[in-house]
Each structure stands twice: as structure tokens, then as C-alpha cells.
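Structure assessment
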Amino acid sequence: MSIVEIRGLVKDYGKVHAVRGIDLDVEPGEVVGFLGPNGAGKSTTIRCLLDLIRPTAGTLRLFGADTRKHGVAARQKVAYVPAELRLPPRATAGELLDVLARLRGDCDAARRADVTARLGLDPTKPAKGLSTGNRRKVALVGAFMSRAELLVLDEPTSGLDPLLQQVFRDLVGEAKGRGTAVLLSSHSLAEVQRTADRAVVLRSGQVVARGTVDELRGTAAQRVEAVFGAAAPDLSAVPGLTDLRRDGRRVHARFTGPPEPLLTALAAVRPLSVEIAEPDLEDAFRTLYEEQPS
Ligand code: ADP
């Protein structure tokens with residue numbers, strides 16, 4: 001049974017078509033990156049999944065249960081870090097976590113102390129004066145101290161000190177190690193690339209790509225640079241080479257597809273050196289957007 005199963009989700013806010021028919025699955029123990037620029041529809045999808053807002057069309061299941069009809073029990077197995085946090089101003093961070101721990105009833109006190117210390121959260125501070133980053137830390141401690149079977153994290157590191165992003169990645173890895181599934185929404189490719197098993201890329205309310213991080217990377221153009229002993233040869237006939245630029249004894253280009261034609265062509269013209277940079281998800285994302293302009 002999938003932990004999350006979304007089929008044909010559509011959500012309109014009046015005339016705004018925020019989500020236009022998306023499918024999304026999260027399997028047990030899997031970390032799924034939910035990627036897309038701001039306004040792509042990530043929060044809307046998550047809020048429909050947690051039944052905080054009503055979908056226009058589509059079916060949503062959490063732990064096999066229809067979220068509209070039988071969602072209450074399923075939602076108890078979920079810990080959610082929303083993109084925008086409102087905390088009651090008078091309580092301290094520690095008091096809020098006490099309330100959350102009582103409400104949830106599934107929290108691990110040792111883990112709470114550990115995550116609080118690692119994120120550098122001062123639990124005695126009143127919520128009122130907390131910065132965005134510190135409010136987010138409260139929510140992250142709340143999620144990671146729980147024994148939830150699914151963590152739904154909506155832009156969890158926005159506002160966090162970059163040094164803490166490594167701590168966050170470690171926490172996701174440890175949760176995965178305990179068998180927890182994670183749906184991680186982010187506009188940061190670097191974050192998803194380092195933590196997720198799979199990614200679903202959303203754009204303007206539609207899925208434009210999905211696959212393992214390696215598969216998405218495979219769709220990206222690699223950067224190629226070759227240096228020759230004399231004037232660089234013309235490589236424009238090589239299939240898969242684009243953005244070709246000749247600069248004296250150097251050739252720069254981008255390359256997609258299987259490498260064999262490129263390697264064969266290069267072997268024939270005997271370069272002094274060749275450098276092929278492995279694409280990262282950032283490049284994959286760019287390629288995807290270039291191919292599908294809005
Ligand atoms: P993301 O989480 O990817 O940044 P959102 O789901 O927040 O995207 O937003 C998707 C689209 O829906 C955007 O165009 C946004 O402006 C719009 N939107 C989000 N919430 C509302 C709302 N309550 N009313 C009207 N439009 C909304």
C-alpha cells in the first residue's frame with residue numbers, strides 16, 4: 001500500500017488554476033522531493049492531501065484511506081511542517097513543543113532534546129519574538145521528535161541558516177533510516193538532490209518530470225570542453241552537441257544523450273585533453289524548462 005496516492009488532482013482558486021491534474025505517490029520508507037518554482041502548486045497539493053483545503057477534482061489517499069472520508073486516523077500518522085507558520089505568541093518554544101507532544105502522544109523525548117540541540121533552538125524563548133528561521137526550527141523539532149510514519153515538509157529550510165541545512169539533511173536521512181517516509185517540497189534543487197530518492201517536478205500546476213535523482217540528472221546536458229594542439233576542428237556534425245563554441249584551440253559545448261558518438265568523434269580528431277562535467281539536478285531542471293517554455 002502506498003502511503004500517499006494522489007490521482008488527477010485539480011485545484012482552482014476561482015480563476016487561478018493552481019493544480020491541473022497531477023498524480024503523486026510516496027511509498028513506505030521513501031524520501032520524495034516535490035520540486036518546483038514558487039507558485040508551481042506544491043503547497044496547494046500538500047494542503048489538499050492533508051484535507052486543509054478541498055480539491056476541485058481528483059482522489060487523494062493517505063495510508064490507503066480516502067482523505068475526505070476517512071482521513072482522521074490517517075492524519076495521526078503524519079507530521080506536517082507548513083510553509084507558513086503561525087505560533088501562539090505568548091507561549092515559549094518549549095511549551096509549544098510540550099503541547100504538541102501531548103496532542104500527538106507519539107513523541108520521543110530523547111530525540112526531541114537531540115534535535116533541539118542540533119538545530120540550536122532555545123526552548124525558553126517566547127514564540128512572539130522568534131525569527132522565521134527559529135519558528136521553523138520549532139516546527140522541525142515537532143516533526144522529527146514524533147514517531148510519525150510520514151513527514152510532510154513544505155519548504156522546510158527556507159529561512160534556516162545554511163549551516164543548519166546539513167543538520168536538516170542528516171535528520172531526513174535518520175528519519176528514512178527509521179523507515180519514515182518523507183514528502184519534501186522545495187524550490188531548492190540542491191536540497192532535493194542530496195536527500196531524496198525520487199523527485200517529482202511541478203511547474204504551473206503540472207508534473208513536468210519525475211524519476212530518480214539519477215534519471216533526472218540523465219536528462220540534463222553535460223558540459224564538454226576539449227583542447228587541441230592546433231586550431232579546434234569543426235564538431236558541429238556530432239549528434240547531441242549543442243551550444244558549440246570554438247575558441248582558438250578549445251571547443252566548448254553542451255551534450256545530451258548517449259556519449260558514444262561524441263567519444264568516437266573526439267577520438268578521430270585527437271584532442272590533447274577532454275573534460276566532461278557531470279550534470280547536476282540544477283542542469284536537469286534548466287534543460288527541462290528550456291524544452292518546455294510556458
Ligand atoms: P507553491 O507551493 O509551489 O509555491 P502554491 O500552491 O502556493 O505554490 O500556489 C500555486 C498557485 O495558486 C499560485 O499561483 C498561487 O498564487 C495560487 N494560490 C495559492 N493559494 C491561493 C489562495 N488561497 N487563493 C488564490 N490563489 C492562491
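My aim in this report is to walk through the structure given alongside it, one point at a time. Residue positions are given per chain, counting from 1 as you read along its sequence in written order. With pLDDT at 70 or above as the cut-off, local features in this predicted model cover only qualifying residues; side-chain atom pairs require 80 or more to be listed or tallied, and sums for whole chains, interfaces and linings still use all residues. To obtain the side-chain values, all non-hydrogen atoms of the structure were used and water was disregarded.

1. Some thoughts on the sheet that holds strand β4 (residues 57–62)
Spelled out, the test is: Two strands qualify as a pair provided that DSSP identifies no fewer than 2 bridges between them. Only DSSP runs of H or I covering at least 4 residues are called helices, and only runs of E covering at least 2 are called strands; the numbering of each starts at the N terminus.
With antiparallel pairing, the 4 strands of this open sheet are ordered in space as β2-β1-β4-β5. The open sheet has two edge strands with one neighbour each: β2 (16–26) and β5 (65–66). Two strands pair when backbone bridges link them, and strand β1 (residues 4–13) and β2 are joined in this way by 8 bridges, in the antiparallel orientation. Along β2, the bridge assignment pairs V4 with V26.

2. Observations regarding the layout of surface pockets
So the rule is basically this: Grid points spaced at 1 Å and placed over the protein atoms alone form the basis of the search, with a cavity being a set where a 1.4 Å probe fits but cannot get out and a pocket an open set showing protein on both sides within 12 Å along at least five of seven lines. Lining residues have an atom within 4 Å of a point. Grid points are joined across faces, edges and corners, and a volume is the space filled by probe spheres set on the points. We call Asp, Glu, Lys and Arg charged. Ala, Val, Leu, Ile, Met, Phe, Trp, Tyr, Cys and Pro are nonpolar, and the rest, Gly among them, are polar.
The calculated volume of the largest pocket comes to roughly 740 Å³. Along the walls of the largest pocket sit 22 residues, with A79, Y80, P82, L100 and R104 positioned nearest its centre. Contributions of two or more residues to the lining of the largest pocket are made by β6 (78–81), α3 (93–104) and α5 (132–144). For the lining of the largest pocket, the element with the highest residue contribution is α3, accounting for 5 residues. Tallied by class, residues from the lining of the largest pocket come to 16 nonpolar, 2 polar and 4 charged. Of the volumes computed, that of the second largest pocket is approximately 380 Å³.

3. So, the pattern of salt bridges
For clarity, the threshold we go by: Salt bridges are identified by distance alone: a Lys or Arg side-chain nitrogen within 4 Å of an Asp or Glu carboxyl oxygen. Buried residues are those whose accessible area, probed at 1.4 Å on protein chains only, stays under 20% of the maximum for their type, while exposed residues exceed 50% and partly exposed ones sit between those limits.
Counting across every chain of the model gives 15 salt bridges. D106 is the partner of R104 in a salt bridge, and the nearest nitrogen-oxygen pair spans 2.9 Å. Residue classification places R104 among the partly exposed positions, given a relative accessible area of 22%. Overall, the relative accessible area of 16% leaves D106 in the buried class. Ionic pairing is found between E225 and R250, a salt bridge with its closest N-O pair at 2.6 Å. Here the residue E225 occupies a position in strand β11 (residues 222–227), and R250 occupies one in strand β13 (residues 250–255), the gap between them amounting to 25 residues.

4. Structural notes on the packing of α3 against α5
Going by this rule: What counts as an axis is a line fitted to C-alpha atoms, over the stretch in contact for a helix, and the angles between N-to-C directions run from 0 to 180 degrees. An angle counts as roughly parallel when it lies under 35 degrees, as roughly antiparallel when it exceeds 145, as roughly perpendicular when it falls between 65 and 115, and as oblique in every other case. Each helix crossing is assigned a hand: it is left-handed if the near helix lies turned anticlockwise from the far helix by less than a right angle, otherwise right-handed if that turn is clockwise. Two residues qualify as a contact provided that any one of their heavy atoms is within 4.5 Å of a heavy atom in the partner residue.
In contact at an axis separation of 10 Å, α3 and α5 are set at 30° when each is read in the N-to-C sense. With respect to α5, the element α3 is oriented roughly parallel. Every pair of crossing elements has a handedness; the one defined by α3 and α5 is right-handed. For the pair formed by α3 and α5, the contact residues are A93, L97 and L100 on the first element and V138, V141 and G142 on the second.

5. Things to note about empty space enclosed by the protein
All chains considered together, the criterion is met by 2 cavities of 30 Å³ or more. Roughly 30 Å³ of internal volume is contained in the second largest cavity. If you trace the second largest cavity, you find it lined by V224, A226, L235, L241, V251, A253, L262 and L266. Only β11, β13 and α9 (260–269) provide two or more residues apiece to the lining of the second largest cavity. Class assignment for the residues of the lining of the second largest cavity results in 8 nonpolar, no polar and no charged.

6. Points about the packing of aromatic side chains
Let me state the cut-off plainly: Any two rings among Phe, Tyr and Trp, with Trp reduced to its six-membered ring, count as a pair given centres within 6.5 Å; such a pair is stacked if its planes are under 30 degrees apart, edge-to-face if over 60, and tilted if neither. The rule for a charge over a ring is simple: NZ of Lys or CZ of Arg within 6 Å of the ring centre, and within 35 degrees of the ring normal.
Overall, the coordinates contain 1 aromatic pair when judged by the stated rule. Geometrically, the ring pair formed by F144 and F168 is edge-to-face, given 6.3 Å between the ring centres and 75° between the ring planes. Of this pair, F144 sits in helix α5 while F168 sits in helix α6 (residues 162–177); the two residues are 24 residues apart in sequence, bridging distant segments of the chain. Given the relative accessible area of 1%, F144 is considered buried. In this structure F168 comes out as buried when scored by relative accessible area, which is 0%. One residue, K77, lies across the ring of F63, its end atom 4.6 Å from the ring centre.

7. Here's the deal with the site of the ligand
The criterion, for reference: Near, as used in this document, describes a residue that has one of its heavy atoms within 4 Å of the molecule or strand being considered. Each polar contact in these results corresponds to two N or O atoms within 3.5 Å; when the atoms are within protein, one needs to be able to donate a hydrogen and the other to accept it, and residues that are neighboring in sequence are counted only if both atoms are side-chain atoms. For accessible areas, the Shrake-Rupley method is used with a probe of radius 1.4 Å. Any residue's cover is judged against the shown protein chains and nothing else.
In the region of the ligand, the neighbouring residues are Y13, V16, A18, P37, N38, G39, A40, G41, K42, S43 and T44. Between an oxygen atom of the ligand and a main-chain N or O atom of G39, the distance comes to 2.7 Å. Residue K42 places a side-chain N or O atom 2.9 Å away from an oxygen atom belonging to the ligand. Coverage of the ligand by the protein amounts to 59% of the 560 Å² it exposes when considered alone. Taken together, the elements giving at least two residues each to the shell around the ligand come down to β2 and α1 (42–49). Ranked by residue count, the leading element in the shell around the ligand is α1, at 3 residues.

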